[in-house]
Amino acid sequence: MPFCPKCKYEYREGIKRCPDCDLPLRAHLREESEPEPMEDAWVVVATAPNEMEARVIRSVLEAAGIPVWERADIVTALNPLGMGPLPEESIAVPESRVDYAKKALRDARKR
Ligand SMILES: [Zn+2]
């Protein structure tokens, strides 16, 4: 039976979308034998002493089309009031994009 990946509600055969979530239904429940798609590990490619520099690095990588993860995002989520000392900003990219990201940063510094 097709089911909605979000609300897990099962639908009759032939129904293609969940009307509640507006998502395409999946053909059947995931089985043990079907592995999860591997997610890239995140690798830190740069650190910045402050948020401003982190933002510059981030914009270079995003301009190159690389998804960027900043440690500050997590800190902000845990500490929305922004109290306490800011940790060093760590900028991470998916493992498969590390070489590309380093090249983009090198090119940016040459300018
Ligand atoms: Zn749904």
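Residues numbered from 1 in each chain as written. Predicted model: local features only at pLDDT ≥ 70, side-chain atom pairs only at ≥ 80, totals over all residues.

*Asks:* Requested: an account of the overall build of the protein, with residues and values cited.
*Replies:* Along the protein, the regular secondary structure elements total three helices and five strands. The N-to-C order of helical and strand elements in the protein reads β-β-β-α-β-α-β-α. The 111 residues of the protein split such that 16% are buried. By sequence separation, contacts in the protein at least 24 residues apart represent 52% of the contacts at least 6 residues apart. (Helix = DSSP H or I, 4+ residues; strand = E, 2+ residues; numbered from the N terminus. Buried ≥ 20, exposed ≤ 12 C-beta atoms within 10 Å, placed from the backbone. Contact = placed C-beta atoms within 7 Å.)

*Asks:* Before we move on, can you summarise the environment of Ser96 with the specific residues and values?
*Replies:* Turning to its location among the elements, Ser96 is positioned in the loop between strand E5 (89-94) and helix H3 (98-110). On a C-alpha basis, the gap between Ser96 and Val43 in space is 9.1 Å, while along the polypeptide they are 53 residues apart.

*Asks:* Please give an account of the packing of helix H1 (residues 51-63) against H3 that cites residues and values.
*Replies:* One way to put it is that H1 packs onto H3 with a least axis distance of 9 Å and a crossing angle of 115°. For the crossing formed where H1 meets H3, the hand is right-handed. Contact residues: Ile57, Val60 and Leu61 in H1; Ala101, Ala104, Leu105 and Ala108 in H3. Residues of the contact of H1 with H3, tallied by class, amount to seven nonpolar, no polar and no charged. (Axes fitted to C-alpha atoms, helices over the stretch in contact; angles between N-to-C directions. Left-handed = near helix turned anticlockwise from the far one by under 90°. Nonpolar A, V, L, I, M, F, W, Y, C, P; charged D, E, K, R; others polar.)

*Asks:* Could you give an account of H1, naming the residues involved and the relevant values?
*Replies:* Note on helix geometry: an α-helix contains 3.6 residues per turn, so any two residues three or four positions apart are oriented the same way. The first and last C-alpha atoms of H1 sit 18 Å apart over 13 residues, in line with the 18 Å expected at 1.5 Å per residue. Taken from the residues just after H1, Gly65 is the one with a positive phi, measuring 80°. (Expected span 1.5 Å × (residues − 1).)

*Asks:* Which residues make up the nonpolar core, and what values go with them?
*Replies:* Val45, Ala46, Ala54, Ile57, Val60, Leu61, Val68, Ile91, Ala92, Val93, Ala101 and Ala104 form the largest nonpolar core, which has twelve residues in total. Elements supplying a minimum of two residues to this core: strand E3 (42-48), H1, E5 and H3. Residue contributions to this core peak at four residues, all from H1. Setting aside residues up to four positions removed in sequence, Val93 forms contacts with Trp42, Val43, Val45, Leu61, Ile66, Pro67, Val68, Val98 and Ala101. (Core = buried A, V, L, I, M, F, W, Y, C linked by C-beta atoms within 7 Å.)

*Asks:* Give me the lowdown on the environment of Met52, citing residues and values where you can.
*Replies:* As for its position among the elements, Met52 is in helix H1. On the basis of neighbour count, Met52 is assigned to the exposed category, with 9 C-beta atoms found within 10 Å. Each C-alpha atom, one on Met52 and one on Glu89, is 9.7 Å from the other, the two residues being 37 residues apart in sequence.

*Asks:* So what's going on with the environment of Asp22? Residues and values would help.
*Replies:* With respect to the secondary-structure elements, Asp22 resides in the loop between strand E1 (17-18) and strand E2 (23-24). Sequence separation between Asp22 and Lys6 is 16 residues, and the spatial gap between their C-alpha atoms is 9.7 Å.

*Asks:* Go over the confidence of the model for the protein with me, naming the residues and quoting the values.
*Replies:* Summing up the model confidence of the protein, the mean pLDDT is 78 and the portion of residues at 70 or higher is 70%. Taken element by element, the protein is modelled with least confidence in helix H2 (residues 71-78), mean pLDDT 54, and with most confidence in E1, mean pLDDT 92. (pLDDT = per-residue confidence, 0-100.)

*Asks:* Talk me through unusual backbone geometry; I want residue IDs and the actual numbers.
*Replies:* Phi angles above zero are rare outside glycine, and Lys8 is one such case at about 65°. A positive phi angle, close to 55°, is found at Asp22, a residue other than glycine.

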